[in-house]
Number of protein chains: 2
Amino acid sequence: MKKASTIGVGSEAQPPKKARGRPRSFDREAALNAAMEVFWTKGYEAASISDLTSAMGINPPSLYAAFGDKEKLFLATIEQYAASRSDQLCPEQPTAKDAVESYLRFKADLLSGAGHPRGCMLMVAFFTAANASPGLNAVLAKKRAEAREHMRQRIKRGVAEGDVPEGTDAGALADFYATIIAGMAQQARDGASRKSLMATVDQAMAAFPVPSRGAPKKKRDTATA
Amino acid sequence: MKKASTIGVGSEAQPPKKARGRPRSFDREAALNAAMEVFWTKGYEAASISDLTSAMGINPPSLYAAFGDKEKLFLATIEQYAASRSDQLCPEQPTAKDAVESYLRFKADLLSGAGHPRGCMLMVAFFTAANASPGLNAVLAKKRAEAREHMRQRIKRGVAEGDVPEGTDAGALADFYATIIAGMAQQARDGASRKSLMATVDQAMAAFPVPSRGAPKKKRDTATA
DNA sequence: CTTATTTAATATCGATCACTATGAAAAAGG
DNA sequence: CCTTTTTCATAGTGATCGATATTAAATAAG
């Protein structure tokens, strides 16, 4: 009766050592991706175990044995979603403005992309898991905060390097672009085209502050105030 | 057994003619407002009849007799919500930019206001009623489209009157500000302060196109192209 | 082989869902 | 008074929710 607890076993260590009991008859990652699409489409609370098991091609006991419960399965799909979308600003972009713009266009591309449900799964999760456990909501809140923080840090760096005007409020500017991303996620789920989202990115980038001509252009950290 | 069908009776005609049967023992509008707050807080599908009746202070049969069913009650709260927020741009603002800005600030005020749940009920509805009937979703989609259309018309008028540059794509600009509003709704539900939302409005308005100096400034419709 | 271990499939569990049948209570019309 | 009409309140309906007990099947170890 000793439980071996193979719930968390994803891809931590995969030597072909044979397990003891009856082998699993489904692909864990494929089932996880199927579950992700269900949650992405219907939302967390509206996705029933019945919806999930039929999409994953397994029975309820297999789901619970492999993933724990509905919330743990959802968290696993959230991690899968976030990991496959590397929520980070491209560090090769020379200026903060370029970095933010490429990030927004990357997002716009994903939001309107084919082969998966429309919009952002994290936004769907935010609205449809509001009544779920505090622990789940804490994870979601952290994921949301990360994107904003990455942008804020990049803008701050831009100020230090002189491609963003001195005195710019990096936090407020990051909030603005976080608002743009959230808005685009809603618009995309509402059916907005890639072209429409890109036009919104154009508009949003027109508001990015640039140093006035003749302003100090630091190269690194040689302050010339 | 003749049903008198008093479901829709809101405030269409209120002469104090006494009805025939036992009088209703609760205030219909107060109950509607209580239901609105439940839907606004928990979302459409997550709000149970039990949640609703206890917040409204009535029993299930009274709810069904007065409002029909859960979907009809929800639609009634949506109408109440939209009506009490006159989703229209202030026509007294002299320019399209002023009109859009005051609209955004009006929205930011409501989104972060006290005395009611955070965020926009229509956005909560959009995400939490996605699996509901097509009819319900059509109503919600129409409400969303209205705000965008009002902004588009006002921007178009600005182009005609010369306070918006010629050649401006009014639809794309309206899409941009609809994105801002949707994004602010999410941020507000996520806990953003009024101050933070207002800073985002500042940023968003910096992107509003203005005629270059020396550009034609039509007063009304005297074209001078 | 037998035993131990793990998964698969069936058939549920109690709780909650949206909703309602039933009859008493409260008013007006006669 | 009695009848009619409408609402109120109790106590449910069948359906579906998330989650499991149970048993058979499949593998490795001994």
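Just above sits the structure.
Residues numbered from 1 in each chain as written. Chains lettered and ligands numbered in written order. Predicted model: local features only at pLDDT ≥ 70, side-chain atom pairs only at ≥ 80, totals over all residues. Heavy atoms only, no water.

1. A closer look at the packing of helix H1 (residues 28–42) of chain A against helix H2 (residues 49–56) of chain A
All names here are of chain A. Put simply, the rule is: To obtain an axis, a line is fitted to C-alpha atoms, over the contacting stretch when the element is a helix, and the angle between two such axes runs from 0 to 180 degrees between their N-to-C directions. We count a stretch as a helix when DSSP gives it H or I for four or more residues in a row; a strand needs E for two or more, and each element gets its number in order from the N terminus. Relative orientations are named as follows: roughly parallel for angles under 35 degrees, roughly antiparallel for angles over 145 degrees, roughly perpendicular for angles from 65 to 115 degrees, and oblique for any other angle. In a left-handed crossing the near helix is turned counterclockwise from the far helix by less than a right angle, and in a right-handed crossing that turn is clockwise. Working rule for contacts: check all heavy atoms of both residues, and any pair within 4.5 Å makes them a contact. Classification used: nonpolar for Ala, Val, Leu, Ile, Met, Phe, Trp, Tyr, Cys and Pro, charged for Asp, Glu, Lys and Arg, polar for all others including Gly.
Running from N to C, H1 and H2 cross one another at 140°; their axes reach a closest spacing of 8 Å. Classified by the interaxial angle, the pair formed by H1 and H2 is oblique. Seen along the crossing, H1 lies across H2 with a hand that is right-handed. For the pair formed by H1 and H2, the contact residues are Ala31, Ala34, Ala35, Val38, Phe39 and Lys42 on the first element and Asp51, Leu52, Ala55 and Met56 on the second. In the contact of H1 with H2, the residues fall into eight nonpolar, no polar and two charged.

2. So, the nonpolar core
Applied cut-off: The nonpolar core is taken to be a set of buried Ala, Val, Leu, Ile, Met, Phe, Trp, Tyr and Cys residues, with the residues joined through side-chain atoms within 4.5 Å. Burial classification: accessible surface area is computed with a 1.4 Å probe over protein chains only, and a residue below 20% of its type maximum counts as buried, one above 50% as exposed, and the rest as partly exposed.
Ranked by internal contacts, the top residues of the largest apolar core, which has 125 residues, are Leu104 and Tyr177 of chain A together with Met56, Leu104 and Tyr177 of chain B. The residues touching Leu104 of chain A, leaving out its near neighbours within four places in the chain, are Tyr177, Ile180, Ile181, Met184, Val201, Ala204 and Met205 of chain A. Membership of the second largest hydrophobic core comes to six residues, among which are Val124 and Phe127 of chain A together with Val124 and Phe126 of chain B.

3. Some remarks on the interface of chain B and chain A
Often, the extent of an interface is quoted as the loss of accessible area upon association of its parts. Applied cut-off: Two parts placed together each lose some accessible area under a 1.4 Å probe, and the buried area is that loss summed for both. Whenever Lys or Arg places a side-chain nitrogen within 4 Å of a carboxyl oxygen from Asp or Glu, that contact is recorded as a salt bridge. Polar contact criterion, stated in full: a pair of N or O atoms within 3.5 Å, where within protein one must be able to donate a hydrogen and the other to accept it, and residues adjacent in sequence count only if both atoms are side-chain atoms.
Each side of the interface is counted separately: chain B has 31 residues, and chain A has 31 residues. Around 2,700 Å² of area is buried between chain B and chain A when both sides are counted, 64% of it from carbon and sulfur atoms. The interface formed by chain B and chain A includes two salt bridges. Arg144 of chain B is the partner of Asp190 of chain A in a salt bridge, and the nearest nitrogen-oxygen pair spans 2.7 Å. At the boundary of chain B with chain A, the tally comes to four residue pairs in polar contact (both at pLDDT 80 or more). Of all the secondary-structure elements, those providing two or more residues to the side of chain B that touches chain A are helix H6 (121–128), helix H8 (170–189) and helix H9 (194–206) of chain B. Ranked by residues supplied to the side of chain B that touches chain A, first place goes to H8 of chain B with 13 residues. When the residues that make up the side of chain B that touches chain A are grouped by side-chain class, the tally is 16 nonpolar, nine polar and six charged.

4. Regarding the environment of Glu101 of chain B
Residue and element names in this part refer to chain B. Its place among the elements puts Glu101 in helix H5 (residues 96–111). The contacts of Glu101, once residues within four sequence positions are left out, are Val201 and Met205. Of note is the side chain of Glu101, whose polar atom sits 2.9 Å from the side chain of Arg105.

5. Regarding the relation of the copies chain B and chain A
For clarity, the threshold we go by: Superposing copies: least-squares fit, C-alpha atoms only, residues required to have pLDDT of at least 70 in both.
The transform that puts chain B on chain A rotates by 180° and translates by 0.0 Å along the axis, for an RMSD of 0.1 Å. This pairing of chains is accounted for by a two-fold axis. Looking at the rotation axis and the C-alpha trace of chain B, the residue lying nearest is Gly183 of chain B, at 1.9 Å. The share of interface residues of chain B whose copies in chain A are also at the interface is 100%, consistent with both copies meeting through the same surface.

6. A closer look at the side chain of Ser112 of chain A
If you trace the backbone, Ser112 of chain A turns up in the loop between helix H5 (96–111) and helix H6 (121–128). Excluding residues that lie within four positions of it along the chain, Ser112 of chain A makes contacts with Ala192, Ser193, Arg194 and Leu197 of chain A.

7. Some thoughts on the packing of aromatic side chains
Where we set the bar: Any Phe, Tyr or Trp ring, taking Trp's six-membered ring, that has another such ring centre within 6.5 Å forms a pair; planes under 30 degrees apart are called stacked, those over 60 apart edge-to-face, and the others tilted. In our convention, an over-ring charge means Lys NZ or Arg CZ found within 6 Å of a ring centre and within 35 degrees of that ring's normal.
What the rule picks out here adds up to 15 aromatic pairs over all chains. Grouping aromatic residues by their ring pairs yields a cluster made of Phe126 and Phe127 of chain A together with Phe126 and Phe127 of chain B. Residue placement shows Lys70 of chain A over the ring face of Tyr44 of chain A; its charged tip is 5.0 Å from the ring centre.

8. Side note on the side chain of Thr200 of chain A
Topologically, Thr200 of chain A is positioned in helix H9 (residues 194–206). In this structure Thr200 of chain A comes out as buried when scored by relative accessible area, which is 1%. Apart from the residues lying within four places of it in its own chain, the contact partners of Thr200 of chain A are Met184 of chain A together with Asp175, Phe176 and Thr179 of chain B.

9. Section: the protein's contact with DNA strand D
For clarity, the threshold we go by: Note on terminology: near, applied to a residue and a molecule or strand, indicates that one of the residue's heavy atoms is within 4 Å of it.
In the neighbourhood of DNA strand D, 27 residues make up the surrounding shell, with Arg20, Ile49, Tyr64 and Lys70 of chain A together with Ser25 of chain B lying closest. Protein-proximal atoms of DNA strand D, defined as those within 4 Å of the protein, fall in sugar or phosphate at a share of 73%. The backbone of Arg22 of chain B places a nitrogen or oxygen atom 3.1 Å from a base oxygen of DNA strand D. At 3.1 Å from a phosphate oxygen of DNA strand D is found a side-chain nitrogen or oxygen belonging to Ser62 of chain B. Mapped by element, the contributors of at least two residues to the surface near DNA strand D are helix H3 (60–67) of chain A together with helix H3 (60–67) of chain B. The biggest single contributor to the surface near DNA strand D is H3 of chain A, with three residues. Partitioning the surface near DNA strand D into residue classes produces 11 nonpolar, seven polar and nine charged.

10. A word on H9 of chain A
Formally: Helix span, as expected, comes to 1.5 Å for every residue beyond the first.
Taking 1.5 Å of rise per residue, the 13 residues of H9 of chain A would be expected to cover 18 Å, and the 19 Å separating its terminal C-alpha atoms lies within 8% of that figure. Those residues of H9 of chain A lying buried are Ser196, Leu197, Met198, Thr200, Val201, Gln203, Ala204 and Met205 of chain A. Structurally, H9 of chain A contributes buried residues whose contacts are with H5 and helix H8 (170–189) of chain A together with H8 of chain B.

11. Regarding H3 of chain A
Side chains of residues three or four places apart in an α-helix project in the same direction, reflecting 3.6 residues per turn. Residues and elements named next belong to chain A. Short version of the rule: Each direction from the helix axis to a C-beta atom contributes to the arc, which is the arc of those directions.
Along H3, the residues classified as buried are Leu63, Ala66 and Phe67. Buried residues of H3, seen end-on, are gathered within an arc of 75° and therefore sit on one face of the element. Positive backbone phi, at 95°, marks Gly68, one or two positions downstream of H3.

12. Some details on the pattern of salt bridges
Residues and elements named next belong to chain A. According to the stated counting rule, one finds 20 salt bridges over all chains in the structure shown. Ionic pairing is found between Arg105 and Glu101, a salt bridge with its closest N-O pair at 2.9 Å. A residue pair is termed a helical-turn pair when its members lie 3 or 4 positions apart in one helix, as Arg105 and Glu101 do in helix H5 at four residues. Accessibility expressed as a relative area gives 22% for Glu101, which makes it partly exposed. For the salt bridge of Arg152 with Glu149, the shortest nitrogen-to-oxygen distance reads 3.0 Å. In this pair, Arg152 and Glu149 both sit in helix H7 (residues 134–161), three residues apart, roughly one turn of the helix.

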